[in-house]
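Report on the structure
Now for the letters of each chain:
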Amino acid sequence: MAELVTGEAVALDIRVARLASRGCAVLLDLLFQLVIMNILIVGVSMATAGADDAWTTGLSLACVVAVIVGYPCAFETLSRGRTLGKLAAGLRVVADDGGPIRFRQALVRALAGFIEFWTLYSAPALIASLCSKRGKRLGDLFAGTIVIQERVPSSVFGPVAVMPPQLAGWARTLELSMLSDELAMTARQYLSRFWELRPDVRDSLGQRIADQVAAVVSPPPPGRVRPEILLSAILAERRRREEWRLAQRRAARLRRLGQTGQPPGAAPAPVPAMAMAGGPPVAPVPQGPPMPPPFSAPGPGQPRFLPPQNYGAGPYQGVLPQGPPPGPPQGQYPTGQYPVPPQRP
């Protein structure tokens, strides 16, 4: 998982591409480049059949350079970080801050790729990717870019943190400047794996994370709140503020570029004589709880941890079917023990 931007909604939903997927994309791009290069060289040879050998050699060399350097540079600039190989593998090149790649960065990556892939047979790219925590090759280090994975499971984009209605008013008054990205990532990972933990581990770990988060935010929560509800409210409010900040930056950038959203020649909208101050108050819209992650099948001899039945006011209330759990009746096993599934012969 990449830490590219400051907000919980953006930074934690971006996954860095791994070496295997990047290798497949590079092989596809090299194959496409070789095909295009052979077609251009054959076309140049046929077009300059009666010309001087120096003229044929110069055109052939220009075609080779255009394919090796121009192919990745043009595709990554025009398609916002995707070549044909990356498109097939579901990858995209972005800047280190999560923004779209620029022409200068694409050109630096293409020039470095000529040395890495065509001259030294991918050895520098492989060594740099293995030594980098984000899997960067030399071209990414020089250009300040990173390759991310776009095709991820649909559950990743689900709302991990939702706003509990009883804490919506308190969350809007929070001071979140001291909440670091690392601590927010820890809280989000805890919520995403909430149902994969044992009840005793889940409660103790959640309380410890909630105490760390509550120590850096203010004002304190009203009354005693369960840790997962508290963390969900804080992360949902942090995501809402970051989305608003990104929307303001985009609007300011459009204003600087002169893009007002109106077609050319359209008359400006009339200015009303009276308007309500801020508009009518809008009540917070309650959001449904997120779907919990799927449970993994226990291995032979491993305990099967069941979710608590009739869970109270947690963020996942009502998601799982209510009723007695399958298997032996409750009370048959002592506290802290769980039924062991039978082993297959």
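Our subject is the structure listed above.
Residues numbered from 1 in each chain as written. Predicted model: local features only at pLDDT ≥ 70, side-chain atom pairs only at ≥ 80, totals over all residues. Heavy atoms only, no water.

With that settled, the discussion passes to the overall build of the protein. When its secondary structure is counted, the protein shows 11 helices and 3 strands. Along the protein, from the amino end to the carboxyl end, the secondary structure elements read α-β-α-α-α-β-α-α-α-β-α-α-α-α. The buried share among the 345 residues of the protein stands at 34%. Considering only residue pairs separated by 6 or more positions, the protein has 72% of its internal contacts joining residues 24 or more positions apart. Surface summary for the protein: the accessible area is close to 21100 Å², and the carbon and sulfur share equals 63%. (Helix = DSSP H or I, 4+ residues; strand = E, 2+ residues; numbered from the N terminus. Buried < 20%, exposed > 50% of the residue type's maximum accessible area, 1.4 Å probe, protein only. Contact = heavy atoms within 4.5 Å. Areas by Shrake-Rupley, 256 points an atom, 1.4 Å probe, with all protein chains shown as cover.)

This part covers the packing of aromatic side chains. Inspection of the entire model under this criterion finds 2 aromatic pairs. Where Tyr71 meets Phe75, the ring centres are 4.9 Å apart and the plane angle is 55 degrees; that geometry is what we call tilted. With a gap of 4 residues between them, Tyr71 and Phe75 both fall in helix α3 (residues 53–78), about one helical turn apart. With a relative accessible area of 6%, Tyr71 lands in the buried category. Given the relative accessible area of 31%, Phe75 is considered partly exposed. Centroid distance Tyr190 to Phe194: 6.0 Å. Interplanar angle 85 degrees. Geometry classified as edge-to-face. Residue class for Tyr190 comes out buried when judged on its relative accessible area of 3%. On the basis of relative accessibility, which here comes to 0%, the residue Phe194 falls in the buried class. Stacked on the ring of Phe194, the Lys or Arg Arg202 has its end atom at 4.9 Å from the ring centre. (Phe/Tyr/Trp six-rings, centres within 6.5 Å; stacked < 30°, edge-to-face > 60°. Lys NZ or Arg CZ within 6 Å of the ring centre and 35° of its normal.)

The next thing to look at is the sheet that holds strand β3 (residues 145–149). By way of backbone hydrogen bonds, the strands of a sheet pair with one another, either parallel or antiparallel. Ordered by their spatial adjacency, 3 strands build an open sheet running β1-β3-β2, and the pairing between neighbours is antiparallel. A single partner strand is all that each edge strand has here, and the edge strands are β1 (15–16) and β2 (91–95). One ladder, built from 5 bridges, connects β2 with β3; its direction is antiparallel. Counterpart to Val94 in the pairing with β3 is Ile146. (Pairing = 2+ DSSP bridges.)

Take the pairing of β2 next. Among the 5 residues in β2, 5 count as buried, and that is most of the element. Side chains Leu91, Val93 and Ala95 of β2 all project onto a buried face; the interleaved residues Arg92 and Val94 project onto the opposite face, where all are buried too.

Together, Leu28, Phe32, Ile36, Leu40, Phe75 and Leu84 make up an exposed nonpolar region whose accessible area comes to about 410 Å². Top contributing element to the nonpolar patch by residue count: helix α2 (residues 19–47), with 4 residues. Along the chain, Leu40 turns up in helix α2. (Patch = residues over 30% accessible without salt bridge, like charges linked within 9 Å, V, L, I, M, F, W, Y side chains within 5 Å. Salt bridge = Lys/Arg side-chain N within 4 Å of Asp/Glu carboxyl O.)

Bringing the side chain of Glu76 into the picture now. Among the secondary structure elements, Glu76 is positioned in helix α3. The class of Glu76 is buried, set by a relative accessible area of 2%. Engagement of the side chain of Glu76 in a polar contact is seen with the side chain of Arg109, the distance being 2.6 Å. Those residues within four positions of Glu76 in sequence are excluded, and the remaining contacts are Gly81, Arg82, Thr83, Lys86, Val93, Ile101, Ala106 and Arg109. (Polar contact = N/O pair within 3.5 Å; in protein donor to acceptor, adjacent residues only side chain to side chain.)

As enumerated under the stated definition, the model contains 13 salt bridges in all. Here Asp140 and Arg109 are joined by a salt bridge, their closest N and O atoms 2.8 Å apart. In this pair, Asp140 is assigned in helix α7 (residues 138–143) and Arg109 in helix α5 (residues 103–119), connecting sequence segments 31 residues apart. You'll find Asp140 and Arg109 in the same group, each marked buried. Between Asp181 and Arg238 there is a salt bridge; the shortest N-O distance is 2.6 Å. Taken together, the residues Asp181 in helix α9 (residues 181–192) and Arg238 in helix α11 (residues 227–256) connect sequence positions 57 residues apart.

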